[in-house]
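One letter stands for each residue in the lines below.
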Amino acid sequence: MWTVAQDIQQILNSYQFRNVGPLRGGRVTAVAGVASKPSVFYMGATGGGVWRTDDYGINWENISDGYFPTPSIGAIAVYQAKPEIIYVGTGSDGLRSNVITGKGVYKSTDEGKTWSFIGLKNAGQIGAVEIHPQNPDIVYVAAIGQPFGKNPERGVFKTLDGGKNWEKVFYHSDSVGVSDLELAPDDPNTIYAGAWRGERKPWTITSGSSEGGVYKSTDGGKTWRKLNNGLPTGLTGKIDFAVSPADPNVVYANIEASDNQGGLYRSENRGESWTFVSDNPNLTNRPFYYTNIYANPKDANTVYNNSLRFLRSFDGGKTWKSLSTPHGDNHDIWINPNDTTIWIQANDGGANITQNGGKSWSTQFNQPTAELYQVEVDDQYPYWLYAGQQDNYSTIAVPSRPPLSVQAGSNAYIINTGGCETGPAVPKPGNPNIVYTNCKGRFGVFDKRTGQELQYYVGASNIYGHNPKDLKFRFQRVAPIHVSPHNPDVVYHTSQYVHKTTDDGKTWEIISPDLTAFEADKQVVPGSPITRDVTGEEYYSTIYAIRESPIQEGLIWVGANDGPVHVTKDGGKTWKNVTPNMPPGGRVDAVEPSPHNPAKAYVAVLRYQLDDYAPYIYKTEDYGQTWTLISDGKNGIPADYPTRVVREDPDKKGVLYAGTEFGLFISFDDGKKWHAFESNLPVTPITDIKVHQGDLVMSTMGRGFWILDNLISLRNVPEIGSRKVVLFETRPAVRNQLSGRRETNGPEYPSSGAELDFFLADKIQGLRLEILDKNKKLVRAFEPNMKKDSVNTERNMSTEFSNPPASPTLPNQAGMNHFKWNMRHSGGWDKDPNRAYTGNGPLVATGTYIARLKAGDEVIEQEFEVILDPRTTLVSDEDVAEQEQLTLEIQAFRDEIAKLIYAMDQKKKQLETQISQEKGNRQIEIQKSKLQELYNQVVTEDGTYMQPMLRDQASYLYSMLGSADQKPGKDAYDRLEELQQTFQKIKRQFESL
């Protein structure tokens, strides 16, 4: 059997994941810019890391991948006197229920090219980072703390040596952190800090207490005093500050507060006294999520508020007007102090830049940072991926590869599929035009053809704003939808009950009792002690996951977001509580009935919202009577990596894929040991996984959808054993001729071809891969270091034809090797022996082919199929066989032309030599002139839009027949005959010279 001695990590790293979009941003809560370089900006996404643009947002580049262990960004600070120096505090300050924890502070001294961890690993979420304007080694950090529990590493921290050492200069308690701090622009020893008690539980958000408030230091943080004069007198929640360099005496504090005292406060004497200037409801809308105020660097009376809407005031906050941004739910802004018409602004759709004071903005459709709650797939070719995208008005779908040709690039493929941001969106098996959707507990049936969504809400009641104990049906925002794998007309939807429909939602049947724990003390109105926040996100005691066994109809597993796991073997007539012996209250994020054994199932339980970051994956092999924890924090998945999802490979028993808060893991032995499956995946939460059509398909909370193509070799890694050479099975190769154009950060679409994976224990001398047809006639051969023909793939403006890319050279490394044959014959003859027959020839016909790997003394063969695109309706296998035969004949004809041109070139050289030796020889001059006349009939003269001659005419005919799968037309045969006759005439004349 295979052992770790074969270096599993090298094998795993050989596989490359590809992002398939959508290319539209996700939530950003931190932005910054460079005053001296007005085109340079930074954005920090809540699940996508740190990104940089140097062209006003036309292009973005990720600069944190490979350095940061968390993708959640809380604050970015640039040292403006030397902008190569950047500090980043991880952990977004927007405490949603799915907030990703921070893991400390990072520093760059080269504009983000490299980063160093500089401490505060356990500070949780970070609300602000401020740099001393004259000394980049003096830095202050506002630490909110861990979002789901108490911890002492919160308050205000200060370093005097660039992060080597930190001192906690302000500390209230282990439950009160600091949401924001601001330095006086003219006196960096004057500091304002906002103390905030903010804590999440699955069933509520606590924001505010009697302990919070505004604090000030005038000695660089050595001493602090609480400010009161004119500030709220009751409970105080989240606070944000703004001070303009134009007038440092003016300080703004946006404060969540009880007793109708929440809003904007202004001081004109550095905080000694305050005036309550506005209670505009936008200022304190969902304060745990927003609460952002910003002052114009050149005008202390111009103030900006980021919240549900983006507001601006010209009179010190007394009156406000809304400004349009590309997306709602606004979080942060930075304004260039040298030119205050240049801003970067952040919201739930990403980051956007204006160069004219907000009149127009850069696009968000160039940021691959989408937050996706789940992934579903349909059964068409190519298959599409569906999900709820955070803060999108509809669920979305994107293709796994280009489904059609479009003008506008990959963004033209993003389609709406009903429901809303929460999802899911589940395509109906057998009919991908119908999508079952959810929007915050509301069921819909979406028809892609008409764009209409039929609404069939269970209970037909608006569930917002309720105490969950009073609801008839407790639907979570992301209430699951599951279609039976045995009957596409059977659809399940869950509240605290399992609901079933067989008529697309027109009627519903409850097939279970309440399958949740429903603890009375958790059934509360979310949001306390100041601000209600009842959106369904905190509805506890709902069924969060449901799956029916793919191999036994009526065997259904469900898991609740407050802990219980239940199973029914009779389609819902009877249910059994089979909850594992685990800590209570966790969210059963995924249930996974084994596709191999009906008694076997897995559950992934998420408890980080209870301040427990341990991974919990359980396995049962007896219908839930007993369970085994297969993620103990010591067998591969780290002890602080919460688990969101687990799936078993449907084609290989015991191969498991686990999605965690910080990446993907794989097990080859049914969970005994796990391996980090990082490769080129960014660090981001894996929210869902599907194994579909032989691919691994994933959604993430911050980096969109990802696909790992072709799992055949991966799932069979344990079968390598002690073998020195393994050639894995090859799945059918599809003659799909459609490709997508490459875009910066855009979806990565694969080229078509036969994916040939092989394992080598050691590098092999004389390695060779041969492709043979069913009669074992050689079609193509590849060797390592074989000269790769350079192929010009650019579109020819006069003919509109373009060449396909060449196959790569054969890899030859110890470990796993991946090679894709582009389904083409060898290219044609070339006068250079090193280039002859190395390029692209015609596409092969459909049928059976053999891959033969020669590795030393071993010769291994695997049969595979080349098939037509399943969507093809105008062509048959016989047609493409005829196409192959004719294009091969044309290629052979082009070889004859190339050889004739070579002979002509040689003859020209010979005549030129004779002319130089026999000056005045009229016969040789005449012979050379006749040769040139013949040459001009074969080779097109240089110039613009010159008449194409024989060589180009033959190439034109060849390209015409290679642009699509087709039966050749009669004109193609006739034209080839014409060209061949012309060729023979020219050749005879040449030979007679």
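Residues numbered from 1 in each chain as written. Predicted model: local features only at pLDDT ≥ 70, side-chain atom pairs only at ≥ 80, totals over all residues. Heavy atoms only, no water.

**Examining the nonpolar core**
Ranked by internal contacts, the top residues of the largest apolar core, which has 42 residues, are Phe17, Leu664, Trp674, Phe677, Leu696, Met698 and Leu714. Where this core is concerned, the elements lending two or more residues are helix H1 (8-13), strand E49 (601-606), strand E52 (643-648), strand E53 (656-660), strand E54 (663-667), strand E56 (686-692), strand E57 (695-700) and strand E58 (705-708). Ignoring sequence-local partners within four residues, the contact set of Leu664 consists of Phe17, Ala658, His675, Ala676, Phe677, Leu681, Ile686, Ile689, Leu696 and Met698. Within the second largest apolar cluster, 27 residues are counted, among which are Ala733, Ile764, Val779 and Val844. (Core = buried A, V, L, I, M, F, W, Y, C linked by side-chain atoms within 4.5 Å. Buried < 20%, exposed > 50% of the residue type's maximum accessible area, 1.4 Å probe, protein only. Helix = DSSP H or I, 4+ residues; strand = E, 2+ residues; numbered from the N terminus. Contact = heavy atoms within 4.5 Å.)

**Comments concerning helix H6 (residues 970-991)**
Because an α-helix packs 3.6 residues into every turn, residues spaced three or four apart end up facing the same way. Between its first and last C-alpha, H6 extends 32 Å over 22 residues, near the 32 Å set by a 1.5 Å rise per residue. Turning to H6, its buried residues are Ala972, Leu976, Leu979, Phe983, Ile986 and Phe990. All buried residues of H6 fall inside an arc of 95° around its axis, so they share one side. Among the exposed residues of H6, those pointing more than 90 degrees away from its buried face are Lys970 and Arg988. Elements that come into contact with the buried residues of H6 comprise helix H3 (877-917), helix H4 (922-938) and helix H5 (950-961). (Expected span 1.5 Å × (residues − 1). Arc of directions from axis to C-beta.)

**Describing the domain arrangement of the chain**
For the chain, the domain assignment lists domain 1 (727-868) and domain 2 (877-992). Tallying the contact residues gives 21 residues for domain 1 and 21 residues for domain 2. At the junction of domain 1 and domain 2, the tally comes to 1 salt bridge. There are 8 residue pairs in polar contact (both at pLDDT 80 or more) connecting domain 1 and domain 2. When residues of the side of domain 1 that touches domain 2 are traced back to their parent elements, those giving at least two are strand E65 (824-826) and strand E66 (840-843). For the side of domain 1 that touches domain 2, the leading source of residues is E66, giving 4 residues. Within the side of domain 1 that touches domain 2, the residues separate by chemical class into 9 nonpolar, 10 polar and 2 charged. (Domains from an automatic or database assignment. Salt bridge = Lys/Arg side-chain N within 4 Å of Asp/Glu carboxyl O. Polar contact = N/O pair within 3.5 Å; in protein donor to acceptor, adjacent residues only side chain to side chain. Nonpolar A, V, L, I, M, F, W, Y, C, P; charged D, E, K, R; others polar.)

**Points about the packing of H3 against H4**
One way to put it is that H3 packs onto H4 with a least axis distance of 10 Å and a crossing angle of 155°. Classed by the angle they form, the pair H3 and H4 counts as roughly antiparallel. Along this stretch, H3 crosses H4, giving a crossing that reads as left-handed. In contact with Ile897, Leu900, Ile901, Met904, Asp905, Lys907, Lys908, Leu911, Glu912, Gln914 and Ile915 of H3, H4 contributes Ile924, Glu925, Gln927, Lys928, Leu931, Gln932, Leu934, Tyr935 and Val938. By residue class, the composition of the contact of H3 with H4 is 11 nonpolar, 3 polar and 6 charged. (Axes fitted to C-alpha atoms, helices over the stretch in contact; angles between N-to-C directions. Parallel < 35°, antiparallel > 145°, perpendicular 65-115°, else oblique. Left-handed = near helix turned anticlockwise from the far one by under 90°.)

**Things to note about the pattern of salt bridges**
Using the criterion set out here, one finds 55 salt bridges in the structure. Close ionic contact of Glu538 with Arg200 constitutes a salt bridge, the shortest N to O distance being 2.5 Å. Here Arg200 lies in strand E16 (residues 198-201) and Glu538 lies in the loop between strand E43 (528-529) and strand E44 (543-548), a separation of 338 residues in the sequence. Note on Arg200: relative accessible area 0%, which makes it buried. Here Arg607 ties to Asp612 by a salt bridge, and the two come within 2.5 Å at their closest N and O atoms.

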